[in-house]
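A closer look at the structure
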Amino acid sequence: MFSRTRARTDLSKMNSPSAHVICGGLTFQEVPVELREKVAFRDGQLPDALAQMRQMLGLREAVLLSTCNRVEYFGATTQPDQAAAAWPDFLRQFHAVSEDFSPLSFQLRGMPCVEHLYSVASGLKSMVIGETEVLGQLKDAYEVACTHGQTGKWLNRLFQSSFAAAKSVRTHTAITRGHVSVGSVSVELAEKIFGDLHACHVMVLGAGDTSEKTARSLLGHGAPSIRVANRTFERAEALAAELGGEAVPWEHWEDRALDVDIMISSTSAPHYVLTRERLEALLQRRARRPLFLIDLAVPRDFEPSINLLDDVFLYDIDDLQSIAQTHLRKRQTEITRSMEILKPHVERYMEWAGRQTGDPNANNVSRGPVQA
Amino acid sequence: MLGLTGSVNDRLWLFLATLGYLASAGWGLYALSSQRPLANRGAFVLIAIAFVLHTVFLQERGQAIQHCPITNLFETLAFFSWSLVLTYMVVGPAYRMSILGAFTAPVVFLINAFALAAPIDLPGKLPQLGWQLELHATLALLGLGVLGVAAMAGIAYLIQERQLKRHVLTAWFYSLPNVGRLEQVQQRVLILGFVIFSAGTILGFFIPHRGPDDWVKIAWSAAVWCLYAVLVGVLALGRLSHKKTALLSVAGYVFILLTFWGINSLSEAHVFPHEG
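Quantities reported herein were computed from a predicted structural model and do not represent experimental measurements.

Some words on the overall build of chain B
When helices and strands are counted, chain B shows 9 helices and 0 strands. Across chain B, every contact between residues at least 6 apart in sequence was considered, and the portion connecting residues at least 24 apart equals 81%.

This is how it looks when you write it as structure tokens:
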């Protein structure tokens, strides 16, 4: 990853043209969620917060990014030390909290700042490497700042080029490929089996937490309906209501499974809920099309030999977790390649910045970290 | 080894096209393994260039002999492989299945390499084809080409299905389309191919010819037509699993590949009525 340094009070780089862009803030890597949640900005707060922050930090231009994993500012200024010093005060004042965020905050200037933004946009600094949600959040943060007249040529160029850089990384590497949670791996597998999930009906057996999350993921990706069966009908009703689905009495789940495409099971039954023999009988009654079975229960609910039947795809919790881990490892191996792709984008921005200030050595000057 | 024209010029086009298919096959395999979303574009460009060269060969040969270039086994094999690529060039982009080129290119390379290497481009009297015979042969060969693309989709399906069953997701898993899409494409392609092949076969009954009927060729064509009918039938009736349907289409095409040369060598139907 790119170098990161704490904000310190030093004015040695103040006159560097590359010091025009700075960034800083708090991230999940150094600040626990108990503190981050105290200084997170709601969408509605951003316009006021931006104006206040810009004034207190002495920024000519400003963008404020607030996600569940980071609260960061990006700015253009000739007084980065003022910004570093005022940032914790701004957080305290705006959110009316007493914590001192100085030791937890970082600040980057010039090229390291550019590298940082491009890495964040590409998902290289995310908790889940390669996730793409942060790019949307960055776009939203930039949009808010733009709309309220808080950006100018430095940040406009910086953010727009960061979006292009992130796209390039996504296109030319596998950094976003492969999902890394049980729910998203299930969705990925379902999409590889059925393609579009808009015609896939889902059934949940047992009202467990993981099965609920997995069902939500499938619904979020277009599954049109869900049925919930549980030995305690009231629990089935409660979960069905939460998911916007239909509760099915336990004794009728097989009849209601005839047109189901995806079945998630997480009951606490000590024996198989669905044996190969019972499924074969069920398949005889249903139209020929694939069936995706997700067994999240321990002990397992579906007899493993079911996977030998044609058009039936069975995954248990270990299979899904193993795939998620493999994906995560693969994403991590893509970081170096992603950074190589980002390099020319960073250089192009720094060359442009150098031309704006008439300083051809802008790159060299800006490469160093903020001084202690 | 010289063509009917006595020139190696048109064979050179086919030779270059064959090299293009080989390069495309290599690039396609790389694209399947690379997990780079745009890697397959190179393979598609290569197969498109090879297809143009292949077409130039057929056009040159056709002009030289003043007939549809299916007058000997060499030309027939070249036309047979060309029909496979033609179908791929239509189906691949239309269904966003360009990755099937990774399977198509090696097959076409092997067919063409065999055609170029075997002593089958023999000079002889030019048969008097006539439009009915040309259309019959063209439709029949196109029908076989379409079955070839269905088989390529079947191969892709079997690979994806195997990975999903074994829970081992390699780079190919991400490069290949989802199994639902592969089934859909295979089904549509088979119906299209069945219509084309049936039209070509039926037309064959109305072509005037001299001498006895060629029962070898008729039996082989009937077997291929039955294969097609079974495939389309089981798909429509939902009698076989997707896996078995894919296996059947692949096995059927392998049968055609293995018997095409022999049947066409033995066949007397294509001892056409000669001029003069």
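Structure's up, so let's keep going.
What about the overall build of chain A?
Scanning chain A from terminus to terminus reveals 14 helices and 10 strands. Taken along its principal axes, the extent of the C-alpha atoms in chain A is 80 × 40 × 35 Å. The buried share of chain A, reckoned over its 372 residues, is 48%. A separation threshold of at least 6 residues defines the contact pool for chain A, and within that pool the share at least 24 residues apart is 72%.

A word on the interface of chain A and chain B
Accessible area lost when the parts come together is the quantity often used to give the size of an interface. Taken residue by residue, the interface counts 19 residues in chain A and 19 residues in chain B. Broken down by secondary-structure element, the contributors of at least two residues to the side of chain A that touches chain B are α6 (153-172), α7 (182-194), β10 (312-316) and α12 (317-333) of chain A. With 4 residues, α7(A) is the single largest residue contributor to the side of chain A that touches chain B. Its residues placed into classes, the side of chain A that touches chain B shows 8 nonpolar, 4 polar and 7 charged.

Examining the nonpolar core
If you look at the biggest cluster of nonpolar residues, it comprises 126 residues, and the most contacted ones within it are A:A190, A:V202, A:V228, A:I262, B:L100, B:V149 and B:A153. Considering each element in turn, this core owes the most residues, 18 residues, to helix α5 (residues 130-166) of chain B. Each residue touching A:V228, except ones within four places of it in the same chain, is listed here: A:V204, A:A207, A:A236, A:L239, A:A240, A:L243, A:G245, A:A247 and A:V248. Listed in part, the 60 residues of the second largest apolar core include A:L46, A:A62, A:L124 and A:M350.

Remarks on the pairing of strand β1 (residues 21-27) of chain A
Residues and elements named next belong to chain A. In terms of burial, β1 is a largely internal element, 7 of the 7 residues being buried. Residues V21, C23, G25 and T27 line one face of β1 and the alternating positions I22, G24 and L26 line the opposite face, and both faces are buried. As paired strands, β1 and strand β3 (residues 70-76) are joined by 7 bridges and run antiparallel to one another. Within β3, the residue paired with L26 across the bridge is V71. Inspection of the sheet shows β1 paired to strand β4 (residues 106-109) by 4 bridges, in the antiparallel sense. Across the sheet, residue G24 finds its bridge partner in β4, namely Q107.

Observations regarding the confidence of the model for chain A
Residues and elements named next belong to chain A. Averaged over all residues, the pLDDT of chain A is 87; the fraction at 70 or higher stands at 91%. Contacts from residues 1-18, a stretch scored under 50 in pLDDT, to residues over four places away or in other chains number 52 contacts. When the criterion is pLDDT under 50, residues 363-372 qualifies, and its contacts beyond four places in sequence or with other chains add up to 28 contacts.

Focus: the sheet that holds strand β9 (residues 291-295) of chain A
Residue and element names in this part refer to chain A. Strand order in the open sheet formed by 6 strands is β7-β6-β5-β8-β9-β10, with parallel pairing between adjacent strands. In this open sheet, the two edge strands, each paired with only one partner strand, are β7 (246-249) and β10. Adjacent strand axes in the sheet meet at a mean angle of 20°, parallel and antiparallel pairs treated alike. Pairing geometry for strand β6 (residues 225-230) and β7, over 4 bridges, is parallel. Within the sheet, the bridge partner assigned to A229 lies in β7 and is V248. Seen against the sheet, helix α9 (residues 233-243) touches β6 and β7 and runs at an angle of roughly 160° to β6.

Focus on the pairing of strand β5 (residues 201-205) of chain A
On a regular strand, each side chain points to the face opposite its neighbour's, so the side chains alternate between the two faces of the sheet. Residue and element names in this part refer to chain A. By the criterion of burial, β5 is predominantly enclosed, with 4 of the 5 residues buried. In terms of strand pairing, β5 meets β6 through 5 bridges, oriented parallel. What sits directly across from V204, in β6, is V228. The parallel pair β5 and β6, bridged by helix α8 (residues 209-220), forms a crossover whose chirality is right-handed. Sheet analysis places β5 next to strand β8 (residues 262-265), joined by 4 bridges and oriented parallel. Bridged to V202 within β8 is I262.

A look at the environment of B:I65
Residue and element names in this part refer to chain B. Along the polypeptide, I65 turns up in helix α2 (residues 39-65). I65 gets classed as partly exposed once you count the C-beta atoms within 10 Å, which come to 19. Sequence separation of I65 and L32 is 33 residues, and the distance between their C-alpha atoms is 41 Å.

Observations regarding unusual backbone geometry
Residue and element names in this part refer to chain A. For the bond running from V298 to P299, omega is 0°, close enough to zero to count as cis. Tracing the backbone shows P299 in the loop between β9 and β10. Its identity is not glycine, yet A96 carries a phi of approximately 55°, on the positive side. With respect to the secondary-structure elements, A96 resides in the loop between α3 (80-95) and β4. Residue A96 is classed as exposed on the basis of its 7 C-beta neighbours within 10 Å. One non-glycine residue, D311, lies in the positive phi region at around 65°. Counting through the fold element by element, D311 comes out in the loop between β9 and β10. The class for D311 is partly exposed, based on 19 C-beta atoms found within 10 Å.

Things to note about the environment of A:D48
Within the secondary structure, A:D48 is located in helix α2 (residues 46-57). A C-alpha to C-alpha distance of 9.6 Å links A:D48 and A:F94, two positions 46 residues apart in sequence.

Rules used throughout
- Residues numbered from 1 in each chain as written.
- Chains lettered and ligands numbered in written order.
- Predicted model: local features only at pLDDT ≥ 70, side-chain atom pairs only at ≥ 80, totals over all residues.
- Helix = DSSP H or I, 4+ residues; strand = E, 2+ residues; numbered from the N terminus.
- Contact = placed C-beta atoms within 7 Å.
- Buried ≥ 20, exposed ≤ 12 C-beta atoms within 10 Å, placed from the backbone.
- Nonpolar A, V, L, I, M, F, W, Y, C, P; charged D, E, K, R; others polar.
- Core = buried A, V, L, I, M, F, W, Y, C linked by C-beta atoms within 7 Å.
- Pairing = 2+ DSSP bridges.
- pLDDT = per-residue confidence, 0-100.
- Axes fitted to C-alpha atoms, helices over the stretch in contact; angles between N-to-C directions.
- Right-handed = clockwise from strand over helix to strand, strands pointing away.

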